[in-house]
Structures are given as structure tokens and as C-alpha cells.
Amino acid sequence: MKKETRTICYDEDLKLEAYQLKGIVQPFPIHFHDYYVIGFVESGTRLMSCKNKEYTITKGNILIFNPNDSHGCIQSDGETFDYRGINISKDTMQLLAKEITGKAELPEFAENVIVNHELGGYLSSLHKIIMNGSKEFEKEELLLLLISLLIEQYVQPFSQSLPLCSEEICKACDFMEKNYNNHITLNDLCLCCNLSKSTILRAFTKTKGVTPYRYLQTIRINKAKELLEQGISPVDAAMLTGFSDQSHFTNSFNMFIGLSPAAYRRIFKEKNNEK
């Protein structure tokens, strides 16, 4: 049986708590929280009771608890339980809801156990970058996309009619292309094009097919490729293209290009030596 671990961290930027449980065998008695819980089952199977309903929860299930939703669970197989989640206070959720819907009303999510691969992807990515201590605006972007999709699909009909905001999106792109080597926040983008966070995320994604942060990453990677091709070291390339640290640069470069920055630079160094 693997060792039980519990890891918790609080993100000052997002004002929420992220935690991860691994190798859990203990039962959790019926209880409730005064905050929202959004979690993801990574492995194991449990019998869960929530608001007088019984569920079998297993790998891939997303769990959503509103404040005061009573719930508890016990192990139902011989495996341990792995789970990651985020806790969102009512104050933080109210601010998110106002940003997304224009109304400072706390959402009441209708379902407690769901399977949704898009939501799961947002939640997993958000959780990982919070636990890694990222300062990039990607985490705020992911949180807004996560809550927007939850409200859209599990609270009430959510308007899909969006202004194209073509001029504003062009301003945001131009801002990122000119300032990619600096630390950029979502607030910076909103200020430069005079759109709310929720609007710029939805309009940008609809117009460009990618989120603003992914667009910024692409610019940075393309600029880094040019520098590496010129023989600039990976450390300097990371610094010159606005990456927060070497690890972040290496992981992002590998994800986009399929090679480490050092391996990519080596290809061009060998080509130049052959001349």
C-alpha cells in the first residue's frame, strides 16, 4: 500500500486553497463546508453520500459541493484513494460570478458528481500550476474558464452571444507581441483593450481559437526559437522571452516543440559547425 500524503497550499493571487490527497484509506463522515469545493478523483473507488443521495465515485469523476452540502464517503474497494481539489470561499466565488455573469449572486450547482472531460482538463491544469506556485496569468485564465463552464452547464442557461470585439482583440494581441518579454497579467490585457476578464477570455478564444495565455506562450516560444537558433543559451533565452524560470521555459518549449531548448539549440549549432 502506498504511503498516504496530504498537500495543501493557499494561492494569494486567486484567493483560494488547493490540496491533494494520495493513498487515502480513511472514511470521511458526513460533514459540510461553508465554502465551495471542486474536486477530481484520480484513482480509487468510494461510496459517497451527498444530500441524501448515494453515489459510486471513481477515477475521472468531478465532485462539486456547494456551501452546506452535506457529504461523506467510505472506501469501497481494496485500492487507496487519490484526489485533488480546490476550495473557494463564498466571497471569492461571488466576485468570480460577477465577473462572468455581471451579477454578484452565488451560484447553486445542480449536480454533485459529473463527468466532463473539458472541465476535468481545466481543473487538473489549474490545480497543478497552483501547486507549482506559478505567478503567470494562466492560472486566473483557467479559473475563469472553469467557473464559466460550470455556471454555463450546471447552473442556468448561459448566453453564448458574444460581440466579436475585433478591434479590442487586435489591441490585446499587439500588446502581447510588444511586451512578451515582460511579466503580463490578465488585468494588463483588460486595461489595454477596455474589456472585462470574462469577456476578453471568451471573445479572444472565439476569435483566435486559443486563450490569451496560450497566444502569449506561442509568441514567447517562437521568439525563443529564434534566439536558440542564433546560439543564445537556454538560460538567456528564457530570460529574454519573459519566462518566469528555467523549468517553466523548458516544460513549455518541450510541450510546443517536442524537444528541450538545449536539444533544439544543439541542432543549429551542429548545422553551423558543418558549414
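Above this text is the structure in question.
Presented here is a report on the structure given in the accompanying data block. (Residues numbered from 1 in each chain as written. Predicted model: local features only at pLDDT ≥ 70, side-chain atom pairs only at ≥ 80, totals over all residues. Heavy atoms only, no water.)

## Details of the overall build of the protein
The secondary structure content of the protein amounts to ten helices and ten strands. Along the longest, intermediate and shortest principal axes, the C-alpha atoms of the protein span 70 × 50 × 25 Å. Counting across all 275 residues of the protein, residues that qualify as buried make up 45%. Considering only contacts within the protein whose residues lie at least 6 apart along the sequence, 67% involve residues at least 24 apart. When the accessible area of the protein is evaluated, it comes to approximately 14,000 Å², of which 51% is carbon and sulfur surface. (Helix = DSSP H or I, 4+ residues; strand = E, 2+ residues; numbered from the N terminus. Buried < 20%, exposed > 50% of the residue type's maximum accessible area, 1.4 Å probe, protein only. Contact = heavy atoms within 4.5 Å. Areas by Shrake-Rupley, 256 points an atom, 1.4 Å probe, with all protein chains shown as cover.)

## Some remarks on the pairing of strand β2 (residues 16-24)
Across the nine residues of β2, seven count as buried, placing the element largely inside the fold. By the bridge criterion, seven bridges tie strand β1 (residues 5-11) to β2 in an arrangement that is antiparallel. The partner of T5 across the bridge, within β2, is K22. The turn joining β1 and β2, which pair antiparallel and follow one another in sequence, is formed by four residues; a positive phi near 60° is taken by K15. (Pairing = 2+ DSSP bridges.)

## Topic: helix α3 (residues 138-154)
Between its first and last C-alpha, α3 extends 24 Å over 17 residues, near the 24 Å set by a 1.5 Å rise per residue. The buried fraction of α3 is high, at 14 of 17 residues. (Expected span 1.5 Å × (residues − 1).)

## Regarding the packing of helix α2 (residues 117-131) against α3
Two numbers describe how α2 lies on α3: the axes approach to 9 Å, and their chain directions differ by 150°. Judged by the angle between their axes, α2 and α3 are roughly antiparallel. Every pair of crossing elements has a handedness; the one defined by α2 and α3 is left-handed. Residues E118, L119, Y122, L123, S125, L126 and I129 of α2 form the contact with α3, whose own contacting residues are E138, K139, L142, L143, L145, L146, L149, L150 and Y154. (Axes fitted to C-alpha atoms, helices over the stretch in contact; angles between N-to-C directions. Parallel < 35°, antiparallel > 145°, perpendicular 65-115°, else oblique. Left-handed = near helix turned anticlockwise from the far one by under 90°.)

## What about helix α5 (residues 186-193)?
Inspection of α5 places L186, L189, C190 and C193 among the buried residues, and these make up the whole buried set. One face of α5 carries all of its buried residues, which in axial projection span an arc of 100°. Next to the buried residues of α5 lie α3, α4 (166-179), α6 (197-208) and α7 (212-229). Directly beyond the C-terminal end of α5, a positive phi value near 60° is found at N194. (Arc of directions from axis to C-beta.)

## Here's the deal with the sheet that holds strand β6 (residues 53-57)
Within the open sheet, the four strands sit side by side as β3-β8-β5-β6. Their pairing is antiparallel. At either end of the open sheet lies a strand with only one pairing partner, and these are β3 (28-31) and β6. With strand direction ignored, the average angle separating the axes of adjacent strands in the sheet is 20°. The pairing of β3 with strand β8 (residues 71-75) spans two bridges and is antiparallel. Counted as the bridge partner of H31 is H71 from β8.

## Some details on the layout of surface pockets
Any empty space left between the atoms is revealed when a probe the size of a water molecule rolls over them. Considered as a void within the structure, the largest pocket measures approximately 620 Å³ in volume. Lining of the largest pocket is provided by 25 residues; of these, I129, E138, Y213, Q217 and H248 occupy positions nearest its centre. Elements represented by at least two residues in the lining of the largest pocket include exactly α2, α3, α7 and α9 (246-257). The greatest single-element share of the lining of the largest pocket, amounting to five residues, is contributed by α9. (1 Å grid on protein atoms, 1.4 Å probe; cavity = no way out; pocket = protein on both sides within 12 Å on 5 of 7 lines; lining within 4 Å. Points joined across faces, edges and corners; volume = space filled by probe spheres on them.)

## Overview of the pattern of salt bridges
Per the counting criterion, the structure on display carries eleven salt bridges. Here E12 and K15 are joined by a salt bridge, their closest N and O atoms 3.4 Å apart. D13 is the salt-bridge partner of K139, the closest N and O atoms lying 2.8 Å from each other. Taken together, the residues span a long stretch of sequence, with K139 in helix α3 and D13 in the loop between β1 and β2 at a distance of 126 residues. Linked through salt bridges whose partners overlap, the residues forming this network are D11, D13, K135 and K139. (Salt bridge = Lys/Arg side-chain N within 4 Å of Asp/Glu carboxyl O.)

No statement about biological role is implied by the geometric values presented.
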